[in-house]
Amino acid sequence: MDAAAWDERYRAADLVWGTPPNRWVEQELTGAAPGRALDLACGEGRNARWLAVQGWQVTAADFSPVAIDKARELDVHRLVNWQVADATAYATSEAFDLALMCYLQLATAERRLAVRAAAAALATGGVLLVIAHDSRNLIEGTGGPQYPHVLYTADDIAGDLADTGLRVDRGGEVLRPVEGADRPAIDALVKATRVTAP
């Protein structure tokens, strides 16, 4: 889907993703020492707002102007720097302590561009957290996109990070309970740290 299609989806619903943070974002980052965070493909900003409340200085970007407008409205204390930008072409001179990509489902070439853009934004010691609908979710899980070409695995992300100076600290599947479903969703989760200067 392009930005215009996502604009229509965000216009059609009060909140597409709700207000609480993603369970894996909360699990992996609760208690982490706050610093500068980048949330790429932030949607309506639920994770960015949660990070800001935890004390992070957050920049959040999405290619849907409608999503960013909604995110700004919800950010009543003006804690987040909201930007309209495409994750696949994101470039910054800032150095972040955390880069987050949560359920950015793209075909291989575009995904690699986004993952490497997020990695390039990290300071030495910075952490990249990628969460996605796993490829196995299509047949064995619940929900998520029904298009195999935009699903991927933790190993795919590890491959995207080759020669970026990041070390994969954690990578694999995580099972996410889905209310009313008889089986969980299968997510891919990768947590990596920049060990060499960008």
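The present account deals with the structure reproduced in this document. (Residues numbered from 1 in each chain as written. Predicted model: local features only at pLDDT ≥ 70, side-chain atom pairs only at ≥ 80, totals over all residues. Heavy atoms only, no water.)

## Examining the overall build of the protein
Then step 1. When helices and strands are counted, the protein shows seven helices and seven strands.
Then step 2. The order of helices and strands in the protein, counted from the N terminus, is α-α-β-α-β-α-β-β-α-β-α-α-β-β.
Then step 3. Since a compact globule built from 198 residues should have a radius of gyration of about 16 Å, the 16 Å found for the protein is in line with a globular shape.
Then step 4. A buried classification covers 47% of the 198 residues belonging to the protein.
Then step 5. Contacts spanning at least 24 positions in sequence make up 66% of the contacts within the protein whose residues lie at least 6 apart.
Then step 6. For the protein, the accessible area works out to roughly 9,400 Å², and carbon and sulfur atoms hold 52% of it. (Helix = DSSP H or I, 4+ residues; strand = E, 2+ residues; numbered from the N terminus. Rg over C-alpha atoms; globule rule 2.2 N^0.38 Å. Buried < 20%, exposed > 50% of the residue type's maximum accessible area, 1.4 Å probe, protein only. Contact = heavy atoms within 4.5 Å. Areas by Shrake-Rupley, 256 points an atom, 1.4 Å probe, with all protein chains shown as cover.)

## Describing the packing of aromatic side chains
Then step 1. Scanning all chains against the criterion turns up zero aromatic pairs.
Then step 2. When the ring centre of Trp24 is taken as origin, the NZ or CZ atom of Arg23, which lies over that ring, is 5.7 Å away. (Phe/Tyr/Trp six-rings, centres within 6.5 Å; stacked < 30°, edge-to-face > 60°. Lys NZ or Arg CZ within 6 Å of the ring centre and 35° of its normal.)

## Digging into helix H5 (residues 108-120)
Then step 1. Helix length check: H5 (13 residues) gives 18 Å between terminal C-alpha atoms against 18 Å at 1.5 Å per residue, within 8%.
Then step 2. Every buried residue of H5 is accounted for by Arg111, Ala114, Val115, Ala117, Ala118 and Ala119.
Then step 3. Buried residues along H5 sit against strand E1 (36-40), strand E4 (96-102), strand E5 (122-133), helix H7 (154-160), strand E6 (166-176) and strand E7 (185-194). (Expected span 1.5 Å × (residues − 1).)

## As for the sheet that holds strand E3 (residues 80-84)
Then step 1. Strand order in the open sheet formed by seven strands is E3-E2-E1-E4-E5-E7-E6, with mixed pairing between adjacent strands. Edge positions in the sheet fall to E3 and E6, since each of these pairs with one other strand and no more. Each strand of the sheet is rotated relative to its neighbour by a mean of 15°, with strand direction disregarded.
Then step 2. With seven bridges joining them, E5 and E7 adopt antiparallel strand pairing. Its bridge partner lying in E7, Leu129 is registered against Lys191.
Then step 3. Most of the contacts of helix H4 (residues 65-74) go to E3, to which it runs at about 165°, and overall it touches strand E2 (57-62) and E3.
Then step 4. Across the sheet, H5 lies against E1, E4, E5, E6 and E7, angled at about 150° from E5, the strand it touches most. (Pairing = 2+ DSSP bridges. Axes fitted to C-alpha atoms, helices over the stretch in contact; angles between N-to-C directions.)

## Focus: the pattern of salt bridges
Then step 1. Inspection of every chain in the model, using the stated rule, returns eleven salt bridges.
Then step 2. A salt bridge links Glu28 to Lys191; the nearest nitrogen and oxygen atoms lie 3.3 Å apart. Of this pair, Glu28 sits in helix H2 (residues 23-29) while Lys191 sits in strand E7, placing them 163 residues apart in sequence. In terms of burial, Glu28 and Lys191 fall into one category: buried.
Then step 3. The salt bridge involving Asp160 is made with Arg111; its shortest N-O contact spans 2.7 Å. Placement of the pair is Asp160 in helix H7 and Arg111 in helix H5, with a sequence separation of 49 residues. Residues Asp160 and Arg111 agree in their burial class; the two are buried.
Then step 4. Put simply, Glu28, Arg170 and Lys191 are held in one network by salt bridges that share partners. (Salt bridge = Lys/Arg side-chain N within 4 Å of Asp/Glu carboxyl O.)

Taken by themselves, the reported measurements are silent on function.
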